[in-house]
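Below are the chains, spelled out letter by letter.
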Amino acid sequence: GNNPVGASTPELRGRSLSGQQTMADPAARLPEAESDREFLTKAVRFMRERTGDMPGLVAWKLVRLWNPFPELQSPAQRWIATITLLPVFVFFGIGLVMAYLSRDLRIVPVLIPILAVTLTGAIYWADARIRAPADPLILLVAAYGFESLLVRVRASHRAGRLLL
């Protein structure tokens, strides 16, 4: 329940509250069931009072979940992550488009867990570690996109048309 409340703070957009911030809330000192009930009450109150802000907060969470420029400790880690994530996300998008264009329904069971993880991130909190359970499937769709693009390029070369 504390995540929507914390998301109203500009520097926390799309993030969850840290454990330290959560523990500062008096509700955190209650027994777990009471604490959960209190945080739920606060979250529902927040959503009712700031209904107009909710689409923007959810959008920020999705941006954070799929961010190819993660906030990591060192610049080298950030660069390595970005250099790795950008092509994966590009080929993931290509894979989605190619599956749609070819009406390949085999991709649907692969997309269900990705969608579930995305919705979980949009509702609760969003971070690369929340996306991690879907990463193997994201890589599978990205490989599908890469292979589909490769097949089209090869076919265009054989036909005498240069696609790339």
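Cut-offs used in this document
Residues numbered from 1 in each chain as written. Predicted model: local features only at pLDDT ≥ 70, side-chain atom pairs only at ≥ 80, totals over all residues. Heavy atoms only, no water. Core = buried A, V, L, I, M, F, W, Y, C linked by side-chain atoms within 4.5 Å. Buried < 20%, exposed > 50% of the residue type's maximum accessible area, 1.4 Å probe, protein only. Helix = DSSP H or I, 4+ residues; strand = E, 2+ residues; numbered from the N terminus. Contact = heavy atoms within 4.5 Å. Patch = residues over 30% accessible without salt bridge, like charges linked within 9 Å, V, L, I, M, F, W, Y side chains within 5 Å. Areas by Shrake-Rupley, 256 points an atom, 1.4 Å probe, with all protein chains shown as cover. Salt bridge = Lys/Arg side-chain N within 4 Å of Asp/Glu carboxyl O. Axes fitted to C-alpha atoms, helices over the stretch in contact; angles between N-to-C directions. Parallel < 35°, antiparallel > 145°, perpendicular 65-115°, else oblique. Left-handed = near helix turned anticlockwise from the far one by under 90°. Nonpolar A, V, L, I, M, F, W, Y, C, P; charged D, E, K, R; others polar. Expected span 1.5 Å × (residues − 1).

## Focus: the nonpolar core
Next, step 1: Counting 13 residues, the largest nonpolar core has V88, F92, I114, A134, I138 and V141 as its most contacted members.
Next, step 2: Ranked by the residues each element gives to this core, the list is headed by helix α5 (residues 75-101), at five residues.
Next, step 3: When residues no more than four places from it in sequence are discounted, the contact partners of A134 are P113, I114 and V117.

## Focus: the side chain of R131
Next, step 1: In this fold, R131 is placed in helix α7 (residues 128-131).
Next, step 2: Look past the residues within four positions of R131 in its chain and what remains in contact with it is L65, W66, L85, F89, V117 and I138.

## Topic: a nonpolar patch on the surface
Next, step 1: Taken together, the side chains of L115, L119, I123, Y124 and W125 define a hydrophobic patch exposed on the protein surface, amounting to about 510 Å² of accessible area.
Next, step 2: With respect to the secondary-structure elements, Y124 resides in the loop between α6 (108-123) and α7.
Next, step 3: Note on Y124: relative accessible area 47%, which makes it partly exposed.

## Things to note about the packing of α5 against helix α8 (residues 135-158)
Next, step 1: Following both chains from N to C, one finds α5 and α8 inclined at 70°, their axes separated by 7 Å at the closest point. The orientation of α5 with respect to α8, classified from their angle, is roughly perpendicular. Like other packed secondary-structure pairs, α5 and α8 cross with a definite hand, here left-handed. Of the residues in α8, those touching α5 at V88, F91, F92, I94, G95, L96, M98 and A99 are I138, L139, V141, A142, Y144, G145, F146, S148, L149 and R152.
Next, step 2: Counted by class, the contact of α5 with α8 contains 14 nonpolar, three polar and one charged residues.

## Examining α8
Next, step 1: Taking 1.5 Å per residue, 24 residues should reach 34 Å; α8 reaches 34 Å between its end C-alpha atoms and fits that length.
Next, step 2: Packed against the buried residues of α8 are α5, α6 and α7.
Next, step 3: Positioned one or two residues after α8, G160 has a phi angle of 85°, which is positive.

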